Amino acid sequence: MLGFVRVPPQAPALNLEPTSRLAICPGSFDPLTLGHVDIIRRAARQFDRVVVAVLHNTGKAPLFTVAERLDFIRATFADDPGVEADAFSGLLVDYARRRGAAAIVRGIRAVSDFEYEFQMALMNRRLAPEVETVFLTPAEEYSYVSSRLIKEITALSGDVRGLVPEPVAERLAEKFPAAPESATDA
Ligand code: PNS
């Protein structure tokens, strides 16, 4: 006699397919550092397309204009058609939705970054649950690099070569020409 196989009741299948394989790497990028570049290249290996989104922040006085920051990103990723540069203002999640992004990618250099990033990720999830935040860690040699320190060091005539892309280093050198050594320094 043929028996019946009881099929257990199943929960409705979760649709875990991303709506798109596009990721947004948002930030101020004032200026782009090799730490950012490292994270963006890692993101580009995980997603079909990456949009590096520069925040148009009217409240801050940046060193570089948004146009300059976009130029740095375009020059640095000219070899990678999967990476695009764009500017945004307003809420990041609104921008991510407009672009149909599956994910927001943020770099975490150290534990000290984590609290702020975690808070932002949870708030963004509350605002747009369908957009996942993905954290990536840069190569160790960039774990101490930040745009703030790059600006501070350059303003004090320090050497930031090897920490920022070449076009950024050139523009920084133009903005902060090295002070001639005074007689008392000799
Ligand atoms: O490079 P930064 O300055 O650390 O980047 C911060 C950024 C741009 C990711 C964040 O300030 C941001 O998303 N700003 C857009 C406004 C917004 O969405 N605020 C709510 C965040 S929960």
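Not measured: the values here are computed from a predicted model.

**Observations concerning the sheet that holds strand E4 (residues 103-107)**
Thinking step 1. Strand order in the open sheet made by the 5 strands is E3-E2-E1-E4-E5, with parallel pairing throughout. A strand with exactly one partner marks an edge of an open sheet, and here the two such strands are strand E3 (83-88) and strand E5 (132-136). Averaged over all neighbouring strand pairs, the angle between strand axes comes to 30°, with direction disregarded.
Thinking step 2. Where E4 lies against E5, 5 bridges are found, and the strand directions are parallel. Bridge pairing in E5 places Val105 opposite Val134.

**A closer look at the site of the ligand**
Thinking step 1. The environment of the ligand is formed by Gly27, Ser28, Leu55, Phe88, Gly90, Leu91, Leu92, Arg106, Tyr116, Met120, Met123 and Asn124.
Thinking step 2. Here Leu92 contributes a backbone N or O atom positioned 2.8 Å from an oxygen atom of the ligand.
Thinking step 3. In this structure, an oxygen atom belonging to the ligand sits 3.0 Å away from a side-chain N or O atom of Arg106.
Thinking step 4. In isolation the ligand has 540 Å² of accessible area, and contact with the protein removes 74% of it.
Thinking step 5. The cavity where the ligand resides is the largest pocket.
Thinking step 6. For the shell around the ligand, the element with the highest residue contribution is helix H4 (residues 111-127), accounting for 4 residues.
Thinking step 7. Taken together, the residues of the shell around the ligand break down into 7 nonpolar, 4 polar and 1 charged.

Scoring rules and cut-offs
The residue count restarts for each chain, going from 1 along the sequence in the order it is written. In view of the model being predicted, local features appear only for residues whose pLDDT reaches at least 70, and side-chain atom pairs are presented and counted only at 80 or more, with totals across whole chains, interfaces and linings using the full set of residues. Side-chain metrics rest on all non-hydrogen atoms present in the structure, leaving aside hydrogens and water. DSSP bridges decide pairing: two strands pair if at least two such bridges lie between them. A run of DSSP states H or I qualifies as a helix once it reaches four residues; a run of E qualifies as a strand once it reaches two. Both are numbered from the N-terminal end. Between N-to-C directions, angles span 0 to 180 degrees; the directions come from axes that are lines fitted to C-alpha atoms, helices contributing only their stretch in contact. We call a residue near a given molecule or strand whenever any one of its heavy atoms falls within 4 Å of it. Think of a polar contact as two N or O atoms within 3.5 Å of one another; within protein, one of them needs to be a possible hydrogen donor and the other a possible acceptor, and neighboring residues in sequence only count if both atoms come from side chains. Areas reported here follow the Shrake-Rupley algorithm with a probe of radius 1.4 Å; residue values treat only the protein chains shown as occluding. Using protein atoms alone on a 1 Å grid, points that fit a 1.4 Å probe yet trap it form a cavity, whereas open point sets bounded by protein on both sides within 12 Å along at least five of seven lines form a pocket; residues with an atom within 4 Å of a point count as lining. For this analysis, a molecule is said to be in a pocket or cavity if more than half of its atoms are within 2 Å of the grid points defining it. Throughout, the ten residues Ala, Val, Leu, Ile, Met, Phe, Trp, Tyr, Cys and Pro are labelled nonpolar, Asp, Glu, Lys and Arg are labelled charged, and all others, Gly among them, are labelled polar.

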